[in-house]
Amino acid sequence: MRDHTFWHSAAALSWMQVLLEERVGQGFVLRVESDDRLTIRRLGEPGAISLKLDGATFLRADSEMACTQWDGVAEGWAMALPGQLPAPGVQCLELPLIRSVGGDYHIGYDILGLTFWMLTRQEEVGREDLDSHGRFPATSSHAFRHDYLERPIVDEWLHILRLVVGRVWPRVVLRQHRFSIKLSHDVDTPSLYGFKSWTMLGRMMLGDLLKRHDLRAFAQAPFIRVGSRKVLHTADPYNTFDWIMERSEAQGLRSAFYFICGRTDESRDAEYEPEHPAIRQLIRRIHARGHEVGLHPSYASYQHAGTIKAEADRLRKIARDEGVFQDQWGGRMHYLRWEQPTTLRAWADAGMDYDSTLGYADRPGFRCGTCFEYPAFDPVMDKAINLRIRPLIAMEATIIDPIYLGLGLGQEALERFEALKAACARVQGCFTLLWHNSSLVSLEQRELYSKVCTMSDISLEGERRPLRQ
Ligand SMILES: [Zn+2]
């Protein structure tokens, strides 16, 4: 258990060192010099970067801390994104923020503390201001309140740290990153008709006939229902899997499909059982085409490690039966339900390799302050967790649907997606997108999706250039 009142415990520092290796490069050593100063050195080389340490602030489990901004351009630094860089945790910065002291440099802001605070989701621990699904909403977050949710500020600050590393050790080989897109699809409803009871189907058909006057749907429904016993019917509107895979393959991308493997809430979980022949066939098809199969833990599982483990075991058993072997197993919580660190621990205990839940349902953006995948850390137990976190940047419904931003399927929605993608590209990170297979029925939905997941269509200036080091 954490027994101190600052973020920079021994466990946190060694986790941070791993993170720096992934993000910046090898051979950096962190050392706490005093209560308010930490240094970064290189093994066997002269020179040091000292950073202000703000141990207590970045251990806070609330969103009330101050926030200011830093004008890096005014100090001559090439910023990753335009505009002033938000600096959570402080009222005002001592300027110049970055000073050269002999060959060494001093940075007057706790970049690593901010990184710890954002990545461990320390802010969310024990919170009670939750939404109707028990989720910590974007609107409660410090990032939303201070208007930086749609900026990857951890990546932006680590970009600054890389620039300083380049000044102190000009010959150091920095780790290079390249912009990428990860597409994922939570399989809540793989079929509109295939798994419905006949009573429910009858009701839907009446609706098609009387309310929607859709004779085609009315006539098709029973045939699709009957024809879905072994394989999803090709005419089923939600059976968009082949279209999705073709689209991804054309872009050189891989799609991940996350399946619900349990029922803990009658109305909110899936209608299908993952052992159904049509789902087994789908899982085989996804695997055969080189895409990924993953887990979508059921609605009420997020506080129950045993349930998540049982659902993961169920999926892995089906995969084994079907000859589906993967190097990595991951997924995302249904409804993005997450309690920090309960759900985090549960994913690791279930033997999963990564989770991709951490985005907000009510707003798109950078819940963890980063678009890079990273090793998990439990802020309550104060220890590294054997799990990778792959932050979710946008879910289609968040931007499109009236219950959230309600931007629809037109230009406004496209611009919002593109801005998020461009922000990821500017830090050479990863744009992780969730798009449900059931939201690709109309031409407009498909057109918008196609534009959003296009690798080569980043419209803002400068994204394709690697950042200067
Ligand atoms: Zn879901």
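On a predicted model such as this, the values are computed, not experimentally measured, just so you know.

Thoughts on the environment of methionine 333
Part 1 of the reasoning: Position of methionine 333 relative to the elements: it lies in the loop between strand 11 (330-331) and helix 10 (342-349).
Part 2 of the reasoning: Residues methionine 333 and tyrosine 302, spaced 31 residues apart in sequence, show a C-alpha to C-alpha distance of 7.3 Å.
Part 3 of the reasoning: Among residues more than four places away in sequence, those in contact with methionine 333 are His296, Pro297, Ser301, Tyr302, Ile308, Trp338, Thr343, Trp347, Asp355 and Thr357.

Structural notes on the packing of aromatic side chains
Part 1 of the reasoning: In the structure shown here, the tally under the stated rule is 18 aromatic pairs.
Part 2 of the reasoning: Consider the rings of tryptophan 77 and tyrosine 105, whose centres lie 6.4 Å apart with planes at 75 degrees: the pair is edge-to-face. In this pair, tryptophan 77 sits in the loop between strand 4 (67-70) and strand 5 (85-88) while tyrosine 105 sits in strand 7 (residues 104-107), placing the two residues 28 residues apart along the sequence.
Part 3 of the reasoning: Taking relative accessible area as the criterion, tyrosine 105 reaches 12% and is therefore assigned buried.

Examining a nonpolar patch on the surface
Part 1 of the reasoning: A cluster of nonpolar side chains, Leu206, Leu209, Leu210 and Leu215, forms an exposed patch at the surface whose accessible area comes to about 390 Å².
Part 2 of the reasoning: In terms of residue count, helix 5 (residues 198-211) provides more of the nonpolar patch than any other element does, three residues in total.

Thoughts on the coordination of the zinc ion
Part 1 of the reasoning: Distances from the zinc ion to its protein donors, namely Asp188 (OD), Asp188 (OD), His296 (NE2) and His334 (ND1), fall within the range 2.1 to 2.7 Å.
Part 2 of the reasoning: One can describe the site at the zinc ion as irregular: its four donor atoms subtend angles covering 51 to 130 degrees at the metal.
Part 3 of the reasoning: Coordination of the zinc ion draws on donor residues from a single chain, spaced D-x107-H-x37-H in sequence. Residue aspartate 188 is located in the loop between strand 8 (180-187) and helix 5, and its partner histidine 296 is located in the loop between strand 10 (292-295) and helix 9 (305-321); the two are separated by 108 residues in the primary sequence.

Notes on the domain arrangement of the protein
Part 1 of the reasoning: In terms of domains, the protein is made up of domain 1 (10-168) and domain 2 (180-190 + 238-452).
Part 2 of the reasoning: Here the C-alpha centre of domain 2 lies 28 Å away from the C-alpha centre of domain 1.
Part 3 of the reasoning: Across the boundary between the two partners, domain 1 contributes 36 residues, which contact 39 residues of domain 2.
Part 4 of the reasoning: Summed over both partners, the interface of domain 1 with domain 2 buries about 3100 Å², with 57% contributed by carbon and sulfur atoms.
Part 5 of the reasoning: Together, His133, Arg135 and Glu150 form the three largest contributors to the area buried by domain 1 at its contact with domain 2, with a combined 21%.
Part 6 of the reasoning: Where domain 1 packs against domain 2, one counts three salt bridges.
Part 7 of the reasoning: Arginine 367 is the salt-bridge partner of glutamate 124, the closest N and O atoms lying 2.8 Å from each other.

Rules behind the numbers
Just so you know, the residues in each chain are numbered from 1, in the order the chain's sequence is written. Two thresholds apply to this predicted model, a pLDDT of at least 70 for residue-level local features and 80 or more for giving and counting side-chain atom pairs, whereas whole-chain, interface and lining totals are computed over all residues. Only hydrogens and water are set aside; all other atoms, that is, all heavy atoms of the structure, feed into the side-chain values. Numbered from the N terminus, helices here are DSSP runs of H or I no shorter than four residues, and strands are runs of E no shorter than two. Any pair of residues with heavy atoms lying within 4.5 Å of one another is described as a contacting pair. When the centres of two rings from Phe, Tyr and Trp lie within 6.5 Å, Trp using its six-membered ring, the rings pair. Their planes under 30 degrees apart give stacked, over 60 give edge-to-face, and anything left gives tilted. Only protein chains enter the calculation, and the probe is 1.4 Å; a residue is then buried if its accessible area is under 20% of its type maximum, exposed if over 50%, and partly exposed in between. Two joining distances apply to patches: 9 Å for like charges and 5 Å for nonpolar side chains (Val, Leu, Ile, Met, Phe, Trp, Tyr), and every residue must have over 30% relative accessible area and no salt bridge. The accessible surface values rely on the Shrake-Rupley method and a 1.4 Å probe; as for residues, cover is taken only from the protein chains in view. Here, a salt bridge means any Lys or Arg side-chain nitrogen found within 4 Å of an Asp or Glu carboxyl oxygen. Distances up to 2.8 Å from the metal define which N, O and S atoms are donors, and 3.2 Å serves for Na, K and Ca; water is absent from the atom set, so sites may look incomplete. Square planar and octahedral assignments, for four and six donors respectively, both demand that opposite donors be over 155 degrees apart and that all other angles lie between 65 and 115; tetrahedral needs four donors with all angles between 85 and 135 degrees, and anything else is irregular. Note that the domain bounds were set by an automatic or database domain assignment. Two parts placed together each lose some accessible area under a 1.4 Å probe, and the buried area is that loss summed for both.

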